[in-house]
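As a plain string of letters, each chain reads:
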Amino acid sequence: MNLADVFTFLFVILGFLIVYVGYWLMAFGLFPGMTQRCSERICAAPVKTTLLGAVTLVPLVTLGFMISAKAHSTPVKILGIGVVVIALLGALFGASGLALRIGEGLKSARDEAEPWRRVLRGGIVLGLTFVMPFLGTFVLMPFAFISGFGAFISTLWQRAPQPVAVPAAAVTPPVSVTTP
């Protein structure tokens, strides 16, 4: 193995990590409420969320690849690959909740003004855990995406809680105090 091979592997891995963090930031930027709900779901019931993701994601991806492999026409092949891509996109969007949860554990003074930084920090840490050759690649990365898909599915139709309106009569006007 020469230096070019080493750099090929290095830059491919770094490229994937940058893309993962980019998708997680995009998910938070487009759907911050959904990302927060995914984070809460993964934190509240990690095993249940992972099992839901495994029961739904694995058959969906398998079905998409089977449709694509068995199809004789191009539109059906594209449909099969589309099923896989949409499922993996849902897994990435759900995993943004895991990145957010990790980032919330790494508090910073800038979090209130720039809440996306929690996803950035958590995404970098989560992405770096994927680099470990066997544990990271074959255990942690599938766990993150499978649990992310489970969180995505379980929060897909869940609406954000609406703020409770305070009746106008209950609101007291501010009292101004003047000093002589």
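Above this note sits the structure.
In short, a report on the structure. (Residues numbered from 1 in each chain as written. Predicted model: local features only at pLDDT ≥ 70, side-chain atom pairs only at ≥ 80, totals over all residues. Heavy atoms only, no water.)

**As for the environment of G94**
Phase 1 of the analysis: Here G94 is to be found in helix α4 (residues 74–105).
Phase 2 of the analysis: Once residues lying within four places of it in the same chain are set aside, the contact partners of G94 are C38, I42, G148 and F152. (Helix = DSSP H or I, 4+ residues; strand = E, 2+ residues; numbered from the N terminus. Contact = heavy atoms within 4.5 Å.)

**Let's talk about the pattern of salt bridges**
Phase 1 of the analysis: Per the stated rule, a full pass over the model turns up 3 salt bridges.
Phase 2 of the analysis: A salt bridge links R121 to D111, with the nearest nitrogen and oxygen atoms 2.8 Å apart. You can see R121 sitting in helix α5 (residues 116–129) and its partner D111 sitting in the loop between α4 and α5, a full 10 residues away along the chain.
Phase 3 of the analysis: In this structure, R117 and E114 form a salt bridge, with 2.5 Å as the shortest nitrogen-oxygen distance.
Phase 4 of the analysis: Accessibility expressed as a relative area gives 22% for R117, which makes it partly exposed.
Phase 5 of the analysis: Through salt bridges with shared partners, a single network forms among R110, E114 and R117. (Salt bridge = Lys/Arg side-chain N within 4 Å of Asp/Glu carboxyl O. Buried < 20%, exposed > 50% of the residue type's maximum accessible area, 1.4 Å probe, protein only.)

**Description of the packing of aromatic side chains**
Phase 1 of the analysis: Across all of its chains, the model carries 10 aromatic pairs by this definition.
Phase 2 of the analysis: Between F7 and F11, the ring centres sit 5.8 Å apart and the planes meet at 20°, which makes this aromatic pair stacked. On the criterion of helical spacing, the pair formed by F7 and F11 is a turn pair, its members being 4 residues apart in helix α1 (residues 3–30).
Phase 3 of the analysis: By relative accessible area, F7 is classed as partly exposed at 39%.
Phase 4 of the analysis: Assessed through its relative accessible area of 53%, F11 is described here as exposed.
Phase 5 of the analysis: Each residue in the set F16, Y20, W24, F130 and F145 is aromatic and connected to the rest through ring pairs, giving one cluster. (Phe/Tyr/Trp six-rings, centres within 6.5 Å; stacked < 30°, edge-to-face > 60°.)

**Thoughts on α5**
Residues three or four positions apart in an α-helix share a direction because the helix packs 3.6 residues into each turn.
Phase 1 of the analysis: Here α5 contains 14 residues, and its C-alpha end-to-end distance of 20 Å stays within 8% of the 20 Å for a straight helix at 1.5 Å per residue.
Phase 2 of the analysis: Here the buried face of α5 lies against α1, α4 and α6 (135–155). (Expected span 1.5 Å × (residues − 1).)

**Let's talk about the packing of α1 against α4**
Phase 1 of the analysis: Their axes nearest at 8 Å, the elements α1 and α4 cross at an angle of 85°. Taken as axis vectors, α1 and α4 run roughly perpendicular relative to one another. Of the residues in α4, those in contact with Y20, Y23, W24, M26, A27 and F28 of α1 are L89, L92, F93, A95, S96, A99 and L100.
Phase 2 of the analysis: Across the contact of α1 with α4, the residue classes break down as 12 nonpolar, 1 polar and no charged. (Axes fitted to C-alpha atoms, helices over the stretch in contact; angles between N-to-C directions. Parallel < 35°, antiparallel > 145°, perpendicular 65-115°, else oblique. Nonpolar A, V, L, I, M, F, W, Y, C, P; charged D, E, K, R; others polar.)

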